[in-house]
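One-letter residues, chain by chain:
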Amino acid sequence: MSLGVKKTEVKQITEALKKLTKTSDELLDEAADINLQFTVKKIPKLTNKTIKIKLPHGLHKKNTEVCLFVKDVNKKSREHELSSDHFQDLLKSKGVTCISEIIPLKSLKLEYKPYEAKRNLSQNYDMYLADSRIVRLLPSLLGKSFYGRKRQPVQVNLEAKDLKTEITNAVNNTRCIITGRGPVSMVRVAHFDLKTPHIVDNVMSALEQLVSAIPGGAVNIRNVYLKTKDSMALPLYVSMGSIEEVNLPNTKKTRKELVVDEITTVEEGKVEITPTGFVTVVKEGQTGGKITLRGKRSGKKGLTSKKKKMKLNKTKKT
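This structure is a prediction, so every number in the text was calculated from the model and none was measured. (Residues numbered from 1 in each chain as written. Predicted model: local features only at pLDDT ≥ 70, side-chain atom pairs only at ≥ 80, totals over all residues. Heavy atoms only, no water.)

**Details of the nonpolar core**
If you look at the biggest cluster of nonpolar residues, it comprises 37 residues, and the most contacted ones within it are Leu3, Leu36, Phe38, Val203, Leu210, Val224 and Leu236. Of all the secondary structure elements, the ones that give two or more residues to this core are helix H1 (7–28), strand E1 (33–40), strand E2 (49–53), strand E7 (174–178), strand E8 (184–191), helix H8 (196–213), strand E9 (221–227) and strand E10 (234–238). In terms of nonpolar packing, the next biggest core, distinct from the first, is built from 18 residues, Leu68, Phe87, Val154 and Val171 among them. (Core = buried A, V, L, I, M, F, W, Y, C linked by side-chain atoms within 4.5 Å. Buried < 20%, exposed > 50% of the residue type's maximum accessible area, 1.4 Å probe, protein only. Helix = DSSP H or I, 4+ residues; strand = E, 2+ residues; numbered from the N terminus.)

Laid out in structure tokens, this is it:
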């Protein structure tokens, strides 16, 4: 089910929005981004759900600054420039030219630890990408400056066979984050460097994908607007339907899978976090080499049964 928005209507709103932003564009010498803002009737029970949207016409502009977070090539070395140079050469060899800055994980931990540094970093670039191998480590390192302002990095596979296409798709397409904390969401869908027919194509494509991805579908959308960062919101669609018409799907909690990650304190070691809360160190190349760090996440602070016996024996001897 679609919203019934026509291309002619999108074209009229786009031209009206362009007139509103013409003066500011000339002053800034930069084409304004066009955002699609929508409101749902019933707030879905989701937490920061990301809807990936493929656009027929790319969003990347000539002056777009893109920052890429990468893994450390050599974890033992304190010279993070080795990682920067390694990935710079990799991108160059694959014909990728849209990356403005490369920040290795070690550099992120050492140089951007203070809150002020993280906040400044979140404002320095237009877009952020992250190596898929480290993306799960970034929330604790980047904090609210990124994730609280919806500036979280877009995951990319730096081991992809066609790396140029992987990076290009990440930079040119867009994502909508449904926080689950309010009815209003917004997503960037175009900019005024694009021709009007291309802007219309992007808006229509984004609407179609959003309707199919939002819980409740088209019936759950109350209104849709187009706007720039500083302009007023121009209405594109308004629903007069009742909230009682909306049926949200039941959201069942899925069982958490085993999480495996790397650890720097054990050579060639990895950490396993089970769904029940056990944390173990697994040393690669060895059988039965698991070392339990702590037990289940319960209120008990007890040791494992084996460690309890060892402790009791030592007490008796003394």
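**Brief notes about the packing of aromatic side chains**
Within this structure, the stated rule accounts for four aromatic pairs. Between Phe69 and Phe146 the ring centres are 6.3 Å apart and the planes differ by 70°, which places this aromatic pair in the edge-to-face class. With Phe69 in strand E3 (residues 66–70) and Phe146 in helix H6 (residues 144–147), this pair connects stretches of sequence that are 77 residues apart. Looking at Phe146, the relative accessible area reads 0%, which means it is buried. Note on Tyr128 and Phe146: the rings are 4.9 Å apart at their centroids and 80° apart in plane angle, and the pair reads as edge-to-face. Linking Tyr128 in strand E5 (residues 127–131) with Phe146 in helix H6, this pair joins segments that are 18 residues apart in sequence. We note that Tyr128, like Phe146, is buried. Among the aromatic residues, ring-to-ring pairing joins Phe69, Tyr125, Tyr128 and Phe146 into one connected group. (Phe/Tyr/Trp six-rings, centres within 6.5 Å; stacked < 30°, edge-to-face > 60°.)

**Here we look at the pairing of E7**
Within E7, four of the five residues are buried, which leaves it mostly tucked inside the rest of the structure. Strand direction decides the pairing type here: E2 and E7, joined by five bridges, are antiparallel. Counted as the bridge partner of Lys52 is Arg175 from E7. (Pairing = 2+ DSSP bridges.)

**Looking at the sheet that holds strand E6 (residues 154–156)**
Ordered in space as E4-E3-E5-E6, the four strands form an open sheet in which the pairing is parallel. Strand pairing shows two members of the sheet lacking a second neighbour, strand E4 (101–104) and E6, which therefore form its edges. On average, each strand axis in the sheet is inclined to that of its neighbour by 30°, with strand direction left out of account. One ladder, built from four bridges, connects E3 with E5; its direction is parallel. Each residue of the ladder has a partner; that of Phe69, found in E5, is Ala130. (Axes fitted to C-alpha atoms, helices over the stretch in contact; angles between N-to-C directions.)

**Structural notes on the pattern of salt bridges**
Tallying each qualifying case throughout the model produces six salt bridges. Residue Glu116 is joined to Arg119 by a salt bridge in which the shortest nitrogen-to-oxygen separation is 2.6 Å. With Glu116 and Arg119 both in helix H4 (residues 115–124), this residue pair falls three residues apart, about one helical turn. Given the relative accessible area of 40%, Glu116 is considered partly exposed. Judged by its relative accessible area of 32%, Arg119 falls in the partly exposed class. Through salt bridges with shared partners, one network takes in Asp33, Lys61 and Arg188. (Salt bridge = Lys/Arg side-chain N within 4 Å of Asp/Glu carboxyl O.)

**Here's the deal with H8**
End to end, H8 covers 26 Å across 18 residues, agreeing with the expected 26 Å (1.5 Å per residue, within 8%). Looking only at H8, the buried set comprises Thr196, Ile199, Val200, Asn202, Val203, Ser205, Ala206, Leu207, Leu210 and Val211. (Expected span 1.5 Å × (residues − 1).)

**What to know about the environment of Lys6**
Here Lys6 lies in the segment before H1. Residue class for Lys6 comes out exposed when judged on its relative accessible area of 54%. Separated by 230 residues in sequence, Lys6 and Leu236 place their C-alpha atoms 9.6 Å apart.

**Focus: unusual backbone geometry**
Even without being glycine, Asn48 reaches a positive phi, approximately 50°. Locating Asn48 in the fold gives a position in the loop between E1 and E2. The phi dihedral of Lys150 falls on the positive side, at around 55°, and the residue is not glycine. The residue Lys150 is located in the loop between H6 and E6 in this model.

**With respect to the side chain of Lys118**
With respect to the helices and strands, Lys118 occurs in helix H4. No salt bridge is formed by the buried Lys118. Its closest oppositely charged neighbour is Glu116, at 12 Å. Setting aside residues no more than four positions away along its own chain, Lys118 makes contact with Tyr112, Lys113, Ser140, Leu141, Leu142, Ser145 and Phe146. (Lys, Arg positive; Asp, Glu negative; His and termini not counted. Contact = heavy atoms within 4.5 Å.)

It is worth stressing that arrangement in space is one thing and function is another; only the former is reported here.
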